[in-house]
Amino acid sequence: MKHITIGILAHVDAGKTTLSEGLLYTAGSIRQLGRVDDQNAFLDNNHMERDRGITIFSKPARFALQDGTVTLLDTPGHVDFSAEMERALQVLDYAVLVVSAADGVQSHTETLWQLFAYYDIPVFLFINKMDMPDTDRGRIMQELQEKLSDACVDFMAEPESVMEAAAVCEEDLLERFLQDGTLEDADVIRLIRQRKLFPCYFGSALKMQGVETFLKGLWQYTEPGQYGDEFGARVYKISRDEQGNRLTHLKVTGGRLQARQLLQGKKQLQTDAGDEEQIWSEKINQIRFYSGEKYTTAKEAKAGEICAVTGLSHTYPGEGLGFMEHDEVPILEPVLTYRIFLEPDWDVRRALPLLKQLEEEEPELHIIWDETLKELHAQVMGEVQIEVIRQQLFDRYRMHVTFGEGNIVYKETIAAPVIGMGHFEPLRHYAEVHLLLEPGEPESGLVFDTNCSEDMLSKNWQRLILTHLQEKKHRGVLTGSEITDMRISVIAGKAHVKHTEGGDFRQATYRAVRQGLRQAETILLEPYYSFRLELPTEQLGRAMTDMERMSAKLNAPDSSGEYAVLAGEAPVATIRSYQKDLSAYTGGKGKMSCQLCGYRPCHNTEEVVAQIGYDPDLDYAATADSVFTAHGSGYIVPWNEVADHVHVDNGYSLEGKQSPEDDYAEPMTAAMGRRMRYDTEYSMGEEEIRSILGQAGGANRNQKKNWIRQRKRVVSSTDSRGPVAYKRSAEKYLLVDGYNIVFAWDELNELAKDNIDAARDRLMDILCNYQAYMGMTLILVFDAYKVKGGIGQMLDYHNIHVVYTKEAETADQYIEKLAHNMGREHDVTVATSDGLEQLIIRGQGCKLWSAREFYAEVKRVEEAIRRQVE
């Protein structure tokens, strides 16, 4: 019998819960349609959800459909509960992405799309609210194909058109379609399962328009998963019922799960020596199939089914059971940490175990008791989640808590490779570990490896070192924040035949990490939001000024019509409360959406370090010093002297190891489009810009030393106080915004889709021909503003000059600087279609060509060259 698990996901207020109601009603699972506004939706059954009108907890609903069953998981749409949503993705066969026709693709929609790709989930799309005015099906399809995937296909179009669009996904299918004129359902099912095709349906869930068609298509073009006979399960959620029973929600991924079955798993125990891993064994008491707030019990659950079980006390979200040994690590994590204040009648010893129970259900909370500061801390996604947590604690335990002001969750990484050494040798103990710490790619986390000869250190000891590296979160030495984006490799070590115990290598490993960090150049990282502002056009200037003050990196604004759109990236620390300011100065007309886009080098490192005031020498729980023994007693060796005392020569040299600077020494053309390593910032000054301009001009003017001359004032003879003019030189200059032209010219744009380097080279060749005919100084400018540590680079390519901007500087900013320096003194033309840049360029006295006009000019010259050749 066919059984599938589908999840419904969307950005907030897209109508996700309303669609869930419509599907359940159409399938006959509920007799009456509920509404979020009426607080009677079938799946929003928690009083907090009904009061707020949003989904907070993911919940299943089971219903029969034709010859099978469907488990539907309704998930939260609010960004504060993204972690709850992500946990549900781990058990889905298919996802249903709901997009509001009125709002289109939002930033949270794009985040969901990236998560679907990460978890390899096939996707159906339902475009909701098509009953609203000014909704255009063709425009929406175009937006979906541009922002999500060109494999999004309107499945409510004519059948032949749908089959043709599906056939285009594979060459073999296209040949068969051209021959037979149709495709089998099995072909379409396979394309959807392989994420090569994304069916799109349109309707209004509130008015039940298109819901039945969508449900039929969902059943027709899906297939159940393939499972083996060996038992396996994936835990995706922990909760408690009204009686306080602990529920483990899971999906059976192989074999069968039976009541009273004995299960085993691993748990981490915190001891004085560190975290230790233990095996637990427990029996399942009860198997429940939930549908809304009600459930039925069963003796077993088959592979592919979602259920909740009682009797397990050590499970956690993401855990794999049975043959599913690999645990799923979430991508979305909180970026704010808050101090929790208890009421006077609650002491920490009584409150902490209850808070830890809540942490079992919401692992991203990371409840921590800081013994030194005597403070409770938790990590949360935002203000709405804080309100929900406070309500949960009061409802369950009658515990009143308040939260302090949120602080940013910083992280640390290193700028260059370094070797860390740790030695632990108190009397009758022995272990020595040497580690290579290297910078990793941004967002890569920590990667552990071993590159040590087994002749030096046996494989068992090396595996133990890797276990100790993985078992805890290592703190950095700058602010005490968690380290990330590093590769740590075991390169040497030593054990004693008689005296070495497992705990000895734990101590040596921790000290080696710490000693390496004390030597390294540390980079402080902070979280960044990608943001999108929609506001009245007349307020755009205010918004851009605010964003610059908040250290944001802006994309070119779109200011067509009455409203403008401004997007970019900004530190969470500066932009997190901007919505209030935006609403105030736009009179409530401005909207802002934010989504975490990762960690970047901190914009105010010195200020943050001073504010946190972390002293690594006083962090005795994370010491970098080593312990040696001489004359029958142990003694401490400070971290900066350990290298002179270690017993092993690792034979390793850092010479030739690529550092971040090496990454940027290569031509930046090879680095474009690639994620680069972190490095410290460098700012190119005005004199260097003038020098570069001088080099460019000299190449085409017989090595003339300068092509920015001193300005000469020409004063009217009739009035010494009259207007000032500037004498223009006869020298002509053409500044070209490289990527703006690449993506504006059809030929280059098509080439860029396959190979951006090829498109860039092709433009350079075209402009070489153009310059040779016209004779002006031609400077082609490309963005390299995302290249960390880039200091700007200028290359001579035949007879033109190619500039790659420095880090944090876009091509249009660079061209604006040149225009300001040269515009009133020289004959300067700028080729760009950037609207904002055009306004600035005109104000500097430069001539302007749009991308279309420049294309026509280039074609005119090419035709003239062709005629001369003939």
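Preceding this paragraph is the structure being described.
For clarity, every value in this text was computed on a predicted model and none was experimentally measured.

Draft legend 1. The environment of S593, seen in detail. The topology assignment puts S593 in strand β32 (residues 591-601). Residue class for S593 comes out buried when judged on its relative accessible area of 19%.

Draft legend 2. Just the sheet that holds strand β17 (residues 320-322), in detail. If you walk across this open sheet you meet the six strands as β14-β13-β16-β9-β8-β17, and the pairing is antiparallel. Edge strands, defined here as strands with exactly one partner in the open sheet, are β14 (294-298) and β17. Taking the axes of each pair of neighbouring strands and ignoring which way they run, one obtains an average angle of 40° across the sheet. Of the pairings in the sheet, the one linking strand β8 (residues 232-240) to β17 comprises three bridges and is antiparallel in character. Counterpart to R234 in the pairing with β17 is G320. Of the strands in this sheet, β8 and β9 (246-254) are in contact with helix α10 (residues 348-361), which crosses β8 at around 135°.

Draft legend 3. Structural context of the state of the cysteines. This model, assessed by the stated rule, comprises zero disulfides. Not engaged in a disulfide, the cysteine C152 finds its nearest cysteine sulfur in C200; these two sulfurs lie 4.4 Å apart.

Draft legend 4. Spotlight on the packing of α10 against helix α11 (residues 383-397). Contact geometry for α10 and α11: axes closest at 11 Å, N-to-C directions at 120°. Taken as axis vectors, α10 and α11 run oblique relative to one another. Considering how the two elements wind past one another, α10 and α11 form a crossing that is right-handed. Residues L354, L355, Q357, L358 and E361 of α10 form the contact with α11, whose own contacting residues are I389, Q392, L393, R396 and Y397. When its residues are assigned to classes, the contact of α10 with α11 shows six nonpolar, two polar and two charged.

Draft legend 5. Summary view of the packing of aromatic side chains. According to the stated counting rule, one finds 20 aromatic pairs in the structure shown. Ring centres of W745 and Y855 lie 5.2 Å apart, and the angle between their planes is 75°; this geometry places the pair in the edge-to-face category. Note that W745 is positioned in the loop between α20 (738-744) and α21 (746-754) and Y855 in helix α25 (residues 851-869), a separation of 110 residues in sequence. For Y855, a relative accessible area of 35% translates into the label partly exposed. Each ring, one from F782 and one from Y804, has its centre 5.8 Å from the other, and the planes form 20°; the classification is stacked. Taken together, the residues span a long stretch of sequence, with F782 in strand β38 (residues 777-782) and Y804 in strand β40 (residues 800-804) at a distance of 22 residues. The exposure class assigned to F782 is buried, which follows from its relative accessible area of 0%. Three or more aromatic residues link up through ring pairs in this structure, and these residues are F126, F155, Y201, F214 and Y221. In this structure, K2 is placed above the aromatic ring of W219, and the distance from its NZ or CZ to the ring centre is 4.0 Å.

Thresholds applied
- Residues numbered from 1 in each chain as written.
- Predicted model: local features only at pLDDT ≥ 70, side-chain atom pairs only at ≥ 80, totals over all residues.
- Heavy atoms only, no water.
- Helix = DSSP H or I, 4+ residues; strand = E, 2+ residues; numbered from the N terminus.
- Buried < 20%, exposed > 50% of the residue type's maximum accessible area, 1.4 Å probe, protein only.
- Pairing = 2+ DSSP bridges.
- Axes fitted to C-alpha atoms, helices over the stretch in contact; angles between N-to-C directions.
- Contact = heavy atoms within 4.5 Å.
- Disulfide = S-S within 2.5 Å.
- Parallel < 35°, antiparallel > 145°, perpendicular 65-115°, else oblique.
- Left-handed = near helix turned anticlockwise from the far one by under 90°.
- Nonpolar A, V, L, I, M, F, W, Y, C, P; charged D, E, K, R; others polar.
- Phe/Tyr/Trp six-rings, centres within 6.5 Å; stacked < 30°, edge-to-face > 60°.
- Lys NZ or Arg CZ within 6 Å of the ring centre and 35° of its normal.

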